[in-house]
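Residue strings, one per chain:
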Amino acid sequence: MARFKRILLKLSGESLMGEQKYGIDEKRLAEYAMQIKEVHDMGVQIGIVIGGGNIFRGLKGTGKGFDRVKGDQMGMLATTINGLGLSSALTSAGCPSVVLTAIRMEPIGEFYSKWKAIQAMEEGKVAILVGGTGSPYFTTDTGSSLRGIEIEADVMLKGTRVDGVYTADPEKDPTATKFDEITFDEIYNKGLKVMDLTATTMCKENGLPIYVFNMDVVGNLKKVMNGEKIGTLVHD
Ligand code: UDP
């Protein structure tokens, strides 16, 4: 039995780069697809929000003279490119999926609604939710919180390249230790960074726990669903 029945999986665009400096690493994409298929085969209902940082980030663009709103729209389109890539990789892995877009752009994907996403998941398809929230000044972390709450997921699984929430940044501080569990209040009080504050607060206020784990280690997604002791659970 899988630990969670319905999940919202957040995949970072940056991780999709793999060893590259830009764009999509096909090997990483295929690994993600295989991991997703594994938990899909366990009967888990899966919604996915994917980032776009491997292609474009609005805020970074403003430093180079881009208009912020147009830059954010470029970022949202970047998440759409990644979502289409993931959908294609899932098809190759033998896992059915649909792409639902936060901004109308048929035939690239159907226009998102909560009910379309739930219906797709109940029919055994992975629902790939692209375009973030559809509005500028937000991130795909906030998009994940919003969609996770909307689709009534049991948990948001935040796939990152570190294996959980640490006392300090483990890539900079070798003495940093990992929490197995932590509350939202401790996150605020200790000034720890799990996601941006808007995203974290949405989860707290709507009772959506966050499970942070390293998605770049093949097999980890299944381990989380099997209840193995990896990652960090953030709860109320
Ligand atoms: N974005 C946005 N609204 C949203 C989600 C994303 O404007 O609701 C834009 C924003 O410019 C962001 C970019 O899309 O920088 C890519 O998303 P994000 O940075 O969250 O991707 P990740 O860090 O997960 O790769």
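The structure displayed is predicted, hence computed values, not measured ones. (Residues numbered from 1 in each chain as written. Predicted model: local features only at pLDDT ≥ 70, side-chain atom pairs only at ≥ 80, totals over all residues. Heavy atoms only, no water.)

Across its 15 residues, helix α2 (residues 26-40) extends 21 Å between first and last C-alpha, which sits within 8% of the 21 Å expected from 1.5 Å per residue. All of the buried residues along α2 are Arg28, Leu29, Tyr32, Ala33, Gln35, Ile36, Lys37, Val39 and His40. Among the structural elements, β1 (6-11), α1 (13-16), β2 (45-50), α4 (68-92), β5 (126-130) and α9 (220-225) are those in contact with the buried residues of α2. (Helix = DSSP H or I, 4+ residues; strand = E, 2+ residues; numbered from the N terminus. Expected span 1.5 Å × (residues − 1). Buried < 20%, exposed > 50% of the residue type's maximum accessible area, 1.4 Å probe, protein only. Contact = heavy atoms within 4.5 Å.)

Take the pattern of salt bridges next. Applying the stated rule across the entire model yields 20 salt bridges. Of the charged contacts in the structure, one is a salt bridge between Arg28 and Asp216, with a shortest N-O distance of 3.4 Å. Of this pair, Arg28 sits in helix α2 while Asp216 sits in the loop between β8 (210-214) and α9; the two residues are 188 residues apart in sequence, bridging distant segments of the chain. Across the pair Asp180 and Lys229 runs a salt bridge, and its minimum N-O distance is 3.0 Å. With Asp180 in the loop between β6 (155-160) and β7 (181-183) and Lys229 in the loop between α9 and β9 (232-235), the pair connects residues that are 49 residues apart, well separated along the chain. One salt-bridge network, held together by shared partners, links Lys27, Arg28, Glu31 and Asp216. (Salt bridge = Lys/Arg side-chain N within 4 Å of Asp/Glu carboxyl O.)

Arg57, Asp72, Thr133, Ser135 and Thr140 are the nearest of the 20 residues found near the ligand. In the model, an oxygen atom of the ligand is placed 2.7 Å from a nitrogen or oxygen of the Thr133 side chain. The separation between a nitrogen atom of the ligand and a polar main-chain atom of Ser135 is 2.7 Å. Burial of the ligand by the protein amounts to 93% of the accessible area it has alone, namely 520 Å². Among the secondary structure elements, those contributing two or more residues to the shell around the ligand are α1 and α4. Ranked by the residues each element gives to the shell around the ligand, the list is headed by α4, at three residues. Taken together, the residues of the shell around the ligand break down into four nonpolar, 12 polar and four charged. (Near = heavy atom within 4 Å. Polar contact = N/O pair within 3.5 Å; in protein donor to acceptor, adjacent residues only side chain to side chain. Areas by Shrake-Rupley, 256 points an atom, 1.4 Å probe, with all protein chains shown as cover. Nonpolar A, V, L, I, M, F, W, Y, C, P; charged D, E, K, R; others polar.)

So, on to the environment of Glu171. Here Glu171 shows up in the loop between β6 and β7. Linking Glu171 and Arg57, residues 114 residues apart in sequence, is a C-alpha distance of 22 Å. Non-local contacts of Glu171, meaning those with residues more than four positions away in its chain, are made with Arg161 and Val162.

Our next topic: the packing of helix α6 (residues 140-150) against helix α8 (residues 197-205). One way to put it is that α6 packs onto α8 with a least axis distance of 7 Å and a crossing angle of 15°. Considering the angle they form, α6 stands roughly parallel to α8. Crossing handedness for the pair α6 and α8: left-handed. On α8, the residues touching Asp141, Thr142, Ser145, Leu146 and Ile149 of α6 are Thr198, Ala199, Met202 and Cys203. (Axes fitted to C-alpha atoms, helices over the stretch in contact; angles between N-to-C directions. Parallel < 35°, antiparallel > 145°, perpendicular 65-115°, else oblique. Left-handed = near helix turned anticlockwise from the far one by under 90°.)

Glancing now at the packing of α2 against α4. With their axes 9 Å apart at the nearest point, α2 and α4 run at an angle of 60° to one another. With respect to α4, the element α2 is oriented oblique. When you trace α2 past α4, the crossing you get is right-handed. Touching Leu29, Tyr32, Ala33 and Ile36 of α2 are Gly85, Leu86, Ala89 and Leu90, all from α4.

So, on to the layout of surface pockets. Its boundaries defined by the atoms lining it, the second largest pocket holds a volume of some 190 Å³. Residue lining of the second largest pocket: 13 residues in total, with Gly53, Ile55, Phe56, Arg57 and Lys60 positioned closest to the centre. A class-by-class count of the residues in the lining of the second largest pocket yields five nonpolar, three polar and five charged. (1 Å grid on protein atoms, 1.4 Å probe; cavity = no way out; pocket = protein on both sides within 12 Å on 5 of 7 lines; lining within 4 Å. Points joined across faces, edges and corners; volume = space filled by probe spheres on them.)

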